[in-house]
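Structural features, examined
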Amino acid sequence: MGITGRRSQEIHDVVGIGFGPSNLSLAIALEEHGASAPQHPITSHFFERQPTFGWHRNMLLPSTTMQISFLKDLATFRNPMSRFSFVSYLHASNRLVQFVNNQDFFPTRQEFHQYLEWAAAGLRDRVTYGAEVTSIRPATVAGSAASDLLEVEARGSDGSTSVVTTRNVAISTGLVPRLPEGVTSDERVWHSSEFLGRFNAQAPDDLKSVMVVGAGQSAAEITRFLHDALPHAQVCAVIPSYGYTVADDTPFANQVFDPTAVDEYYFGNERAQDAFWRYHRNTNYSVVDADVIRDLYQRSYDEQVRDSRRLHFRNLTRVAEVERAGSGTRVVLHSLLDDRREELAVDALVFATGYDGLDPARLLGDFDRHFLRDAAGRHRVERDYRLISASGLTCGVYLQGGTEHSHGLSSSLLSNIAVRSGEIADSIVLRGAERELGSTRPVRVAPSAA
C-alpha cells in the first residue's frame with residue numbers, strides 16, 4: 001500500500017504505527033495466526049516514517065553485543081517453531097554452525113540488526129515506509145462517528161496523504177531522545193541516538209577533545225568507542241553517579257523480565273509494584289555491563305601507569321551550561337563533591353541521557369479524551385495492552401511501549417517482545433471473533449505460552 005492521497009476503501013483489522021522490533025514482532029504473530037487459521041484471516045498494514053527498516057542504527061558500534069539472549073528474539077518465546085526466529089535467520093544465512101561454535105548467547109548488535117532486517121524483508125508487503133502517521137480519529141459512517149472503526153492518516157515523504165480505516169491500531173512509535181533542558185543538538189552537540197551519523201560527518205583530526213555525559217550502557221560504550229577511534233584526543237566522561245553502576249544480569253534478578261512477571265506486576269498491589277522498581281531497576285536503567293566497566297577502568301589505570309592521561313572521569317558531576325563557541329562548545333560542569341564549577345572547551349559533546357517514553361496523546365489529539373487516565377495522569381491500560389475507553393468505544397488502541405506504569409519493567413524492552421506481541425495479536429483475533437458473533441462480553445486474554 002503506497003501513499004496515494006486518497007481514502008482507502010478497505011477496512012483493516014489492525015494498522016500499526018511504527019515498524020520497529022515491537023510491531024515487526026506483532027506482524028509476525030499475525031502472519032502466523034493466518035497460517036494456522038486461514039479461515040479467519042486478520043488483515044493488517046503498518047506505517048513507518050523511516051525510508052527503510054532501521055533500529056538504533058547510530059549505536060551499532062563495533063563489537064558491541066546484545067544484552068539479552070538470542071532466544072529472546074521476535075518469535076521464539078511465543079512460537080519456538082517460527083520461521084522468523086533468530087535460529088532460522090542463522091540457518092538461512094548459512095552461519096548456524098559457526099554461531100554455535102562461537103559458544104555465546106549474546107550476538108553482536110550488528111548481527112542482531114541484520115536479523116531484524118531479514119525478518120522485516122519477509123513482511124515487506126505489509127509496510128509503507130517513508131510514511132508518518134499524523135492523526136488517529138474515529139471513523140465516520142453516514143455522517144456520524146462509528147464506535148468500532150478508526151481512521152489513520154499518514155503523510156508521505158512527498159507531502160501526499162492517505163487515510164485508511166481500521167478496527168484497531170497498535171502504536172509503536174518508539175522512544176523520544178531526551179536532552180537536558182535548554183540544550184539542543186547540532187553538528188557538535190549530539191544525543192546518543194544520532195551518534196554514529198554525527199561522528200562520521202566529522203573529520204577525526206578536528207575532534208581533539210570530546211565529552212560524553214551519562215551513566216548508562218550507551219554512555220560507557222560511546223566513551224570506549226571514542227577512546228579507540230580518536231587516539232589523539234582527550235576523552236572526558238561526565239557521570240552523575242560516583243562511577244558506573246553494574247547491571248544485575250544474574251538469574252534470579254533476570255526473572256523480572258519473564259513473561260509471568262508481567263502478570264505479577266499488573267495484578268499486584270501498589271506496594272508490590274513499587275518493590276519491582278526499587279529492587280530491580282538496576283537490571284536495566286542507568287547501568288552498565290560489568291565487562292565494559294572493567295575495560296574502561298583498565299584503560300584508565302594503564303594510562304596512570306604510563307603517566308599519559310587522556311581518558312578522564314568526572315564523577316558526581318552535572319552539566320550546568322552548554323554554549324556553542326565557534327566550531328567548538330563551551331561546557332560548564334558542576335561537581336557535587338565540592339560544589340565547584342569547571343569550564344571546558346570541547347570539539348564534540350555527546351549526551352547519552354536516555355529517552356522519554358511513548359505518549360500516544362500526540363497522535364490521538366482530541367480523540368485522547370475518550371480514554372481513561374489514573375490519578376497520576378497516565379493512561380489506564382488493559383492487561384492486553386489496550387487503552388481503556390471512557391465512552392464505550394469498541395475499536396482498540398494498543399500500546400507497544402509507554403506501559404511501564406501498568407505492566408512493569410519489560411513493557412518496552414526486547415526481553416518480552418514475542419510474548420507481548422502475541423498477547424496483542426490474540427486480543428485482536430478474539431475480539432474480532434466476538435464481534436462476528438455479536439457478543440458484547442469483555443475480552444480477557446490470557447498470556448501466550450512462553
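Definitions and limits used
Residues numbered from 1 in each chain as written. Predicted model: local features only at pLDDT ≥ 70, side-chain atom pairs only at ≥ 80, totals over all residues. Heavy atoms only, no water. Pairing = 2+ DSSP bridges. Helix = DSSP H or I, 4+ residues; strand = E, 2+ residues; numbered from the N terminus. Axes fitted to C-alpha atoms, helices over the stretch in contact; angles between N-to-C directions. Contact = heavy atoms within 4.5 Å. Domains from an automatic or database assignment. Buried area = accessible area lost by both parts, 1.4 Å probe. Salt bridge = Lys/Arg side-chain N within 4 Å of Asp/Glu carboxyl O. Polar contact = N/O pair within 3.5 Å; in protein donor to acceptor, adjacent residues only side chain to side chain. Phe/Tyr/Trp six-rings, centres within 6.5 Å; stacked < 30°, edge-to-face > 60°. Lys NZ or Arg CZ within 6 Å of the ring centre and 35° of its normal. Buried < 20%, exposed > 50% of the residue type's maximum accessible area, 1.4 Å probe, protein only. Core = buried A, V, L, I, M, F, W, Y, C linked by side-chain atoms within 4.5 Å.

Focus: the sheet that holds strand 4 (residues 127-129)
The parallel open sheet is built from five strands, whose spatial order is 4-3-2-8-19. At either end of the open sheet lies a strand with only one pairing partner, and these are strand 4 and strand 19 (396-399). The mean angle between the axes of side-by-side strands here comes to 15°, regardless of whether they run parallel or antiparallel. As paired elements, strand 3 (residues 44-48) and strand 4 share three bridges and run parallel to each other. Considered in strand 4, the bridge of E48 is made with Y129. Where helix 1 (residues 21-36) meets the sheet, it contacts strand 2 (14-17), strand 3 and strand 8 (168-171), and its direction lies at approximately 165° from that of strand 3. Here helix 13 (residues 417-437) sits on the sheet and contacts strand 2, strand 8 and strand 19; the angle it forms with strand 19, its principal contact strand, is near 170°.

Notes on the domain arrangement of the protein chain
Each assigned domain of the protein chain is listed here: domain 1 (11-175 + 357-436) and domain 2 (178-247 + 284-354). The gap between the C-alpha centroids of domain 1 and domain 2 is 34 Å. Opposite the 12 residues of domain 1 that make contact, domain 2 presents 15 residues. The largest contributions to the domain 1 side of the interface with domain 2 come from N58, M59 and L61, which together make up 48% of the buried area. At the junction of domain 1 with domain 2, the criterion picks out one salt bridge. Note that E221 is salt-bridged to R109, the shortest N-O span being 3.0 Å. Our count for the contact surface shared by domain 1 and domain 2 stands at six residue pairs in polar contact (both at pLDDT 80 or more).

With respect to the packing of aromatic side chains
Following the criterion strictly, the structure yields 24 aromatic pairs and no others. Joined through ring pairs, the aromatic side chains of W55, F70, F84, F86, Y89, F99, F105, F112, Y115 and W118 make up one cluster. Lying across the ring of Y285, R281 places its NZ or CZ 4.8 Å from the centre.

A look at the environment of R278
Mapped onto the fold, R278 is located in helix 9 (residues 270-280). As for R278 and D228, which are separated by 50 residues in sequence, their C-alpha atoms are 36 Å apart.

Quick notes on the sheet that holds strand 16 (residues 341-346)
For sheets, the rule is that strands pair by backbone hydrogen bonds, running either parallel or antiparallel. Ordered by their spatial adjacency, three strands build an open sheet running 14-15-16, and the pairing between neighbours is antiparallel. Each edge of the sheet is formed by a strand with only one pairing partner; in this case those strands are strand 14 (317-325) and strand 16. Between one strand axis and the next, the sheet turns by 20° as a mean value, whatever way the strands run. Relative to strand 16, strand 15 (residues 328-335) is paired through six bridges, and the arrangement is antiparallel. Paired with R330 across the two strands is A345, which belongs to strand 16.

Structural notes on the side chain of S335
Looking at where S335 falls in the secondary structure, it is placed in strand 15. Take S335: its relative accessible area is 15%, and that puts it in the buried class. Residue contacts for S335: discarding those within four places in its chain leaves L316, T317 and R340.

Observations regarding the environment of D384
Following the sequence through the fold, D384 ends up in the loop between helix 11 (361-364) and strand 19. Residue D384 is classed as buried on the basis of its relative accessible area of 4%. Along the backbone, D384 and Y398 are 14 residues apart, and their C-alpha atoms lie at a distance of 7.9 Å. A distance of 3.3 Å separates a polar atom in the side chain of D384 from a polar atom in the side chain of R386.

Here's the deal with the nonpolar core
Counting residues in hydrophobic clusters, the biggest one holds 38 residues, and the most contacted among them are F19 and L24. Mapped by element, the contributors of at least two residues to this core are helix 1, helix 2 (86-92), helix 4 (109-121), strand 4 and helix 13. Broken down by element, this core gets its largest block of residues, six residues, from helix 1. A220, V235, I239 and L311 belong to the second-largest nonpolar core, a separate cluster that totals 28 residues.

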